[in-house]
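# Notes for the structure review
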Amino acid sequence: MTSSPIPGLSRFNALDDAAAAAELHEVCASAAWGSKVLAQRPFADTPSLFAASDAAMAELTTADLAEAMAGHPPIGRPKPGDPTSAREQRGMAGASEELKAELLELNLAYQEKFGHVFLICATGATGEQMLDAVKARIQNTAEVEREIARGELVKINRIRLTRLAEGE
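Residues numbered from 1 in each chain as written. Predicted model: local features only at pLDDT ≥ 70, side-chain atom pairs only at ≥ 80, totals over all residues. Heavy atoms only, no water.

## A word on the overall build of the protein
Assigned secondary structure in the protein consists of 9 helices and 0 strands. Moving toward the C terminus, one meets the helices and strands of the protein in the order α-α-α-α-α-α-α-α-α. Within the protein, the fraction of its 168 residues that count as buried is 42%. Here the analysis covers contacts within the protein between residues at least 6 apart in sequence; of these, 69% occur between residues at least 24 apart. (Helix = DSSP H or I, 4+ residues; strand = E, 2+ residues; numbered from the N terminus. Buried < 20%, exposed > 50% of the residue type's maximum accessible area, 1.4 Å probe, protein only. Contact = heavy atoms within 4.5 Å.)

Pasting the structure below:
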């Protein structure tokens, strides 16, 4: 990546705080994360934006993580009319009805066990890979799963921040 300002990133840096906060909320639903990232503006480059995002994610409390996860739809059920959700879950498009039904059942069991949606960076993953992941992760303790979900949020945020920095 270049260390010179990227046009999309320059635009983001120039936004007033309310508009920048709204764009960050589209990246991650945690208000605490958004506030921490917003406080680091302006960003010289994408790596500095990622560093601020990663540091903010590392500092989120359990409640902040829950807020961040609540902004994500269940795998296999992207938010209607949300192009980001549809793009990120594209790997489910060709999944069989059987796989979709099994994933729905496991999603519900996961949510009952952990109290939040199964969160995975779905970009580039197939339906089978996501199914395998939920089968494996449903065996975790709440503490282990919370940290795995935090890591998945880091990946998702980086993908979304890249789009923001590139002006998409």
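## Things to note about the packing of aromatic side chains
A full pass over the atoms with the stated rule returns 2 aromatic pairs. Seen in terms of ring centroids, Tyr110 and Phe118 are 5.2 Å apart; in terms of plane orientation they differ by 80°. Their pairing is edge-to-face. Using a relative accessible area of 0% as the deciding quantity, one classes Tyr110 as buried. Connected via pairs of aromatic rings, a cluster forms that spans Tyr110, Phe114 and Phe118. Over the ring of Phe12 we find Arg41; its NZ or CZ atom is 5.5 Å from the centre of that ring. (Phe/Tyr/Trp six-rings, centres within 6.5 Å; stacked < 30°, edge-to-face > 60°. Lys NZ or Arg CZ within 6 Å of the ring centre and 35° of its normal.)

## Considering the pattern of salt bridges
Applying the stated criterion across every chain yields a total of 9 salt bridges. Put simply, Glu59 and Lys36 hold a salt bridge, and the shortest N to O gap is 3.0 Å. Here Lys36 lies in helix 3 (residues 31-38) and Glu59 lies in the loop between helix 4 (46-58) and helix 5 (62-70), a separation of 23 residues in the sequence. (Salt bridge = Lys/Arg side-chain N within 4 Å of Asp/Glu carboxyl O.)

## A closer look at helix 9 (residues 142-165)
Taking 1.5 Å as the rise per residue, helix 9 with 24 residues should run 34 Å; its terminal C-alpha atoms sit 34 Å apart, in good agreement. Every buried residue belonging to helix 9 is among Glu145, Ala149, Arg150, Glu152, Leu153, Ile156, Asn157, Arg160, Leu161, Leu164 and Ala165, and all of these are buried. Looking one or two places after helix 9, you find Gly167, whose phi comes out positive at around 80°. (Expected span 1.5 Å × (residues − 1).)

## Overview of the confidence of the model for the protein
With 89% of its residues at a pLDDT of 70 or more, the protein shows a mean pLDDT of 89. Mean pLDDT in the protein bottoms out at helix 6 (residues 83-88), which sits at 68, and peaks at helix 3, which reaches 98. (pLDDT = per-residue confidence, 0-100.)

## Considerations on the side chain of His116
Along the chain, His116 falls in the loop between helix 7 (97-114) and helix 8 (127-137). In contact with His116, not counting residues within four places along its chain, are Met69, Tyr110 and Gln111.

## Considering helix 8
When we look at burial in helix 8, the residues that qualify are Gly127, Met130, Leu131, Ala133, Val134 and Arg137. End-on, the buried residues of helix 8 take up no more than an arc of 160°, which puts them together on one face. (Arc of directions from axis to C-beta.)

## Remarks on the packing of helix 2 (residues 17-27) against helix 9
At their nearest, the axes of helix 2 and helix 9 sit 9 Å apart, and the two run at 140° to each other. Considering the angle they form, helix 2 stands oblique to helix 9. Here Glu23, Leu24, Glu26 and Val27 of helix 2 come into contact with helix 9, specifically with Asn157, Arg160, Leu161 and Leu164. Within the contact of helix 2 with helix 9, the residues separate by chemical class into 4 nonpolar, 1 polar and 3 charged. (Axes fitted to C-alpha atoms, helices over the stretch in contact; angles between N-to-C directions. Parallel < 35°, antiparallel > 145°, perpendicular 65-115°, else oblique. Nonpolar A, V, L, I, M, F, W, Y, C, P; charged D, E, K, R; others polar.)

## Some details on the environment of Glu166
The topology assignment puts Glu166 in the segment after helix 9. In this structure the C-alpha to C-alpha distance between Glu166 and Gly8, which are 158 residues apart in sequence, comes to 4.8 Å.

## Re unusual backbone geometry
Peptide bonds are, in most cases, trans, and in most cases residues other than glycine have a negative phi. In this structure, Pro42 follows Arg41 across a cis peptide bond, with omega equal to 0°. By the secondary structure assignment, Pro42 is in the loop between helix 3 and helix 4.

## Quick word on the packing of helix 7 against helix 8
Direction vectors running N to C along helix 7 and helix 8 enclose 30°, while the axes themselves pass 10 Å from each other. Our classification of the angle between helix 7 and helix 8 gives roughly parallel. The crossing of helix 7 and helix 8 is left-handed. Contacts between helix 7 and helix 8 involve Leu99, Glu102, Leu103, Leu106, Tyr110 and Phe114 on the former and, on the latter, Gly127, Glu128, Met130, Leu131, Val134, Lys135 and Arg137. By residue class, the composition of the contact of helix 7 with helix 8 is 8 nonpolar, 1 polar and 4 charged. (Left-handed = near helix turned anticlockwise from the far one by under 90°.)

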